[in-house]
Amino acid sequence: MLLEVEDLHVHYGKVEALKGVSLAVAEGEIVSLIGANGAGKTTVLRTISGLRRVTSGRIRFKDRDITHLPGHRRVGAGLCQVPEGRGIFPGMSVMENLEMGAYGRSSRSLADDFERAFALFPLLSERRKQQGGTLSGGEQQMLAIARALMARPQLVMMDEPSMGLAPLMVNQIFDIIAAIHEQGTTVLLVEQNAAQALTRADRAYVLETGKVAKTSDAATLLADDSVRAAYLGVDSTG
Amino acid sequence: MRVLKRSAASPPEGPAGPDQAGTDREGRLERARSRVGSVKGRLARRRAAAVAWRARLPDLTGPVARAWHRLPRWSQWLVRLGIIVLAVLAPADWVGQIMAPASDWKTLLFYPIGIFVLLAVGLNVVVGQAGILDLGYVAFFAIGGYTMALLGVNVGLDFWIILPTAVALCAVSGLVLGTPALRLRGDYLAIVTLGFGEIIRISATNASWTGGPRGIAGIPHPPDIGNLNAFTYGVLDPTPYYYLVLALIVVVIFVARRLERSRVGRAWAAIREDEDAAALMGVPTFRFKLWAFAIGGSIGGGAGVMFSAKNIAITPDNFPLLLSILVLSAVVLGGSGNLPGVILGAFLVAWLPERFRGLADYRVLIFGAALVIMMIFRPEGLLPSRRRRSSLRTGTGAGAAPTAVVEQEEKT
Ligand SMILES: Nc1ncnc2c1ncn2[C@@H]1O[C@H](COP(=O)(O)OP(=O)(O)OP(=O)(O)O)[C@@H](O)[C@H]1O
Ligand SMILES: [Mg+2]
């Protein structure tokens, strides 16, 4: 397993947001994590990235215990996150944003990485000098994904990349995720758009109020009545 | 919540309209999502309207900055040299006639003008570059001042030994104060820093080894350098002290520029714009914030040493909360994050009240009004940094806290 999370408990003050979450992602998979608002999806990703401390539990990445590794060192270990709400640097140009993505890397030349980014996102290539904050929502999401890839992660975690985008753009983003996956990056995908997420993923976890309620391969969950009722907006009777 | 309700009543817009998302199973989700989109659209439009209104004011900083960057290297240096020469010639009598007919211009050039510029450049590292709101910057000024006084009077050390000592001590103080404080963010951090300034001043008032409320007298002047008048540090002529602070300002600006363009500077910019995102990119955010706090603090300490070395005597009253506020407003008014702007801001905040002493009774009132007017017409400051301007105008990032609050409401 590339990433293993074991019995993760995380608190915000006295509130327990994660009550023993366990999940695993194997190399080469797309795994998605779905759940209602406030289920704790973002908290899972933030904890894996090292932005939140764990109360108890373990996080292993590439067979190494990273539970207490400082967040900035996890990027170097090969783990990168596209934050919820994109989190691009609004005052920096597209190029500067991408350069920040490679901040944790020691290698000097970024030429190959820029080339790869602009091949994946031709739209960004036309806007190299434009300030991040003036990009459209869809463009910002592309930039956020491209920026995360600059770190050359083995595992990229995305927090609701389709949030607030029009259907056409949503499809485009999911196509790009598939392309990234084909190029050899493992993906852990948090989504509200359960239909798309389950169609594209190999396996999925359903999170309910800080616990994993269900886990299975994505196709099974897509056919599961209770999942359809809760996350796909379909009555189990119809 | 008000925003939410209003937009819920408005029809959804964009390609995610009801006809398209009509019957399929994703329909409900899509509609919900497009509603969120329309809240954002509304906010963006309102913001755009505000910007359009503001845009009627001529914005000369853009063209000037562009022209500056087009200049070849050597002529940029020539311009810089020219500014330094002007600053060296500033203590002339005829300049004083124009700039400060009612008071002693040469004295003003050292304090408040020179010291304020130095403090503002230092505070800009903290506030403008790393985005840490420090309301107690005067703490470092005080530590520097008292270090000069105590080591000068009690130990009899030389100014040139005390200066680096105090700078180092302030850097250490920055680390010590910053280590607990910088784990906090936003309002909480601001309140804690506010406390630092007061704690230092009150401790100095209450401790006996700092001379209590009466402070410390008999602080030695810097030793003379050669026989030139410009480097003879006496009681009567403030000009040599002005040159000393000018030299320190030049050095500090050089260092600050270097930092800004380094890897550290890029990390600070990222932290300022989005701290979480910076951490996710592999920036050790806490460590870099600590550095900014310590570097800014040591510059404040240097200013304190200068101040104390000229003044012969200091008391806790020399380091009031108001000083923190004035220097912070200088940074913000001038254009947080942009050195020329910050320097201009510090100059204006220091000089204007002295120039218009005739209006002494109304000084604070006018100053307050000026601040309010600035915040309406030019919240990014007189000479804004390119980054800050775009952050503010697009309403994302550090400069636009109110929007962030609204966006959180959207989520609930
Ligand atoms: N900074 C915080 N302080 C206190 N409580 C928090 C904080 N962040 C999240 N929580 C709480 O933790 C729980 C999980 O939140 P989280 O953001 O992980 O949910 P989520 O599944 O990502 O939801 P969404 O789909 O709305 O993004 C929620 O109950 C939330 O209120
Ligand atoms: Mg979330």
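Here, every reference points to the structure presented above.
Quantities reported herein were computed from a predicted structural model and do not represent experimental measurements.

Engineer: Is there a simple way to think about the overall build of chain B in this case?
Structural biologist: When helices and strands are tallied, chain B shows 19 helices and zero strands. Per-residue burial over chain B gives 47% buried out of 412 residues. Intrachain contacts of chain B at a sequence separation of at least 6 include 74% that bridge at least 24 residues. Total accessible area computed for chain B in this model is approximately 20,200 Å², and 67% of it derives from carbon and sulfur atoms.

Engineer: How should I be thinking about the packing of helix H3 (residues 94-101) of chain A against helix H4 (residues 111-120) of chain A in this particular structure?
Structural biologist: Between two packed helices, both the angle of their axes relative to each other and the distance between the axes serve to describe the pair. Residues and elements named next belong to chain A. Two elements in contact, H3 and H4, have axes separated by 11 Å at closest approach and are oriented at 120°. Relative to H4, the element H3 is oriented oblique. Read as a crossing pair, H3 and H4 show a hand that is right-handed. Residues Met95, Leu98 and Glu99 of H3 form the contact with H4, whose own contacting residues are Phe114, Ala117 and Phe118. Its residues assigned to classes, the contact of H3 with H4 shows five nonpolar, no polar and one charged.

Engineer: So what exactly am I meant to see when it comes to the coordination of the magnesium ion (ligand 2) here?
Structural biologist: Geometry reference: four tetrahedral donors at a metal, ideal angle 109.5 degrees. Six octahedral donors, ideal angles 90 or 180 degrees. All names here are of chain A. Summarising the metal site, the magnesium ion (ligand 2) is bound by the protein donors Thr42 (OG1) and Glu84 (OE), whose distances to it range over 1.8 to 2.5 Å. One end of the pair, threonine 42, is in helix H1 (residues 41-49); the other, glutamate 84, is in the loop between strand E6 (79-82) and H3, with 42 residues separating them in the sequence. What makes glutamate 84 partly exposed here is its relative accessible area of 23%.

Engineer: Help me understand the sheet that holds strand E1 (residues 3-12) of chain A in this model?
Structural biologist: Strand pairing in a sheet relies on backbone hydrogen bonds. The paired strands run either parallel or antiparallel. Residue and element names in this part refer to chain A. Strand order in the open sheet formed by four strands is E2-E1-E4-E5, and the pairing between neighbours is antiparallel. Two strands lie at the open edges of the sheet, namely strand E2 (15-25) and strand E5 (64-65), each paired on one side alone. Pairing between E1 and strand E4 (residues 56-61): five bridges, direction antiparallel. Pairing of glutamate 4 across the sheet is with arginine 60, part of E4.

Engineer: How should I be thinking about H4 of chain A in this particular structure?
Structural biologist: Residue pairs three or four apart in sequence face the same way in an α-helix, which turns once every 3.6 residues. All names here are of chain A. What H4 keeps buried is the set Asp113, Phe114, Ala117, Phe118 and Leu120. Looking straight down H4, one finds its buried side chains confined to an arc of 160°; they lie on one side. For H4, the exposed residues lying more than 90 degrees away from the buried face are Asp112, Glu115 and Ala119.

Engineer: Hey, could you run me through the packing of helix H7 (residues 105-129) of chain B against helix H15 (residues 321-334) of chain B in this one?
Structural biologist: Residues and elements named next belong to chain B. Direction vectors running N to C along H7 and H15 enclose 70°, while the axes themselves pass 9 Å from each other. The pairing of H7 with H15 is recorded here as roughly perpendicular in orientation. Contacts between H7 and H15 involve Tyr111, Phe116, Leu119, Ala120, Leu123, Asn124 and Val127 on the former and, on the latter, Leu323, Leu326, Val327, Leu328 and Val331. When its residues are assigned to classes, the contact of H7 with H15 shows 11 nonpolar, one polar and no charged.

Engineer: Looking at this model, I keep getting lost on the site of ligand 1. Mind explaining?
Structural biologist: All names here are of chain A. Of all residues adjacent to ligand 1, which total 13 residues, the nearest are Lys41, Thr42, Thr43, Glu84 and Gln192. Contact distances for ligand 1 include 2.7 Å between an oxygen atom and a side-chain N or O atom of glutamate 84. Glutamate 160 places a side-chain nitrogen or oxygen 3.1 Å from an oxygen atom of ligand 1. When ligand 1 is considered free in solution it has 630 Å² of accessible area, and contact with the protein chains removes 63% of it. Among the residues making up the shell around ligand 1, the classes are represented as four nonpolar, six polar and three charged.

Engineer: I tried to follow the pattern of salt bridges on my own but got confused; where do I start?
Structural biologist: Side chains that differ in charge, positive against negative, can pair when their charged atoms come close. Residues and elements named next belong to chain A. Following the criterion strictly, the structure yields 15 salt bridges over all chains and no others. Across the pair arginine 58 and aspartate 65 runs a salt bridge whose closest N-O atoms are separated by 3.7 Å. When its relative accessible area of 36% is taken as the criterion, arginine 58 is described as partly exposed. By relative accessible area, aspartate 65 is classed as partly exposed at 38%. Here aspartate 224 ties to lysine 214 by a salt bridge, and the two come within 3.9 Å at their closest N and O atoms.

Scoring rules and cut-offs
- Residues numbered from 1 in each chain as written.
- Chains lettered and ligands numbered in written order.
- Predicted model: local features only at pLDDT ≥ 70, side-chain atom pairs only at ≥ 80, totals over all residues.
- Heavy atoms only, no water.
- Helix = DSSP H or I, 4+ residues; strand = E, 2+ residues; numbered from the N terminus.
- Buried < 20%, exposed > 50% of the residue type's maximum accessible area, 1.4 Å probe, protein only.
- Contact = heavy atoms within 4.5 Å.
- Areas by Shrake-Rupley, 256 points an atom, 1.4 Å probe, with all protein chains shown as cover.
- Axes fitted to C-alpha atoms, helices over the stretch in contact; angles between N-to-C directions.
- Parallel < 35°, antiparallel > 145°, perpendicular 65-115°, else oblique.
- Left-handed = near helix turned anticlockwise from the far one by under 90°.
- Nonpolar A, V, L, I, M, F, W, Y, C, P; charged D, E, K, R; others polar.
- Donors = N, O, S within 2.8 Å, 3.2 Å for Na, K, Ca; no water.
- Pairing = 2+ DSSP bridges.
- Arc of directions from axis to C-beta.
- Near = heavy atom within 4 Å.
- Polar contact = N/O pair within 3.5 Å; in protein donor to acceptor, adjacent residues only side chain to side chain.
- Salt bridge = Lys/Arg side-chain N within 4 Å of Asp/Glu carboxyl O.

Just distances and angles here, no functional claims.
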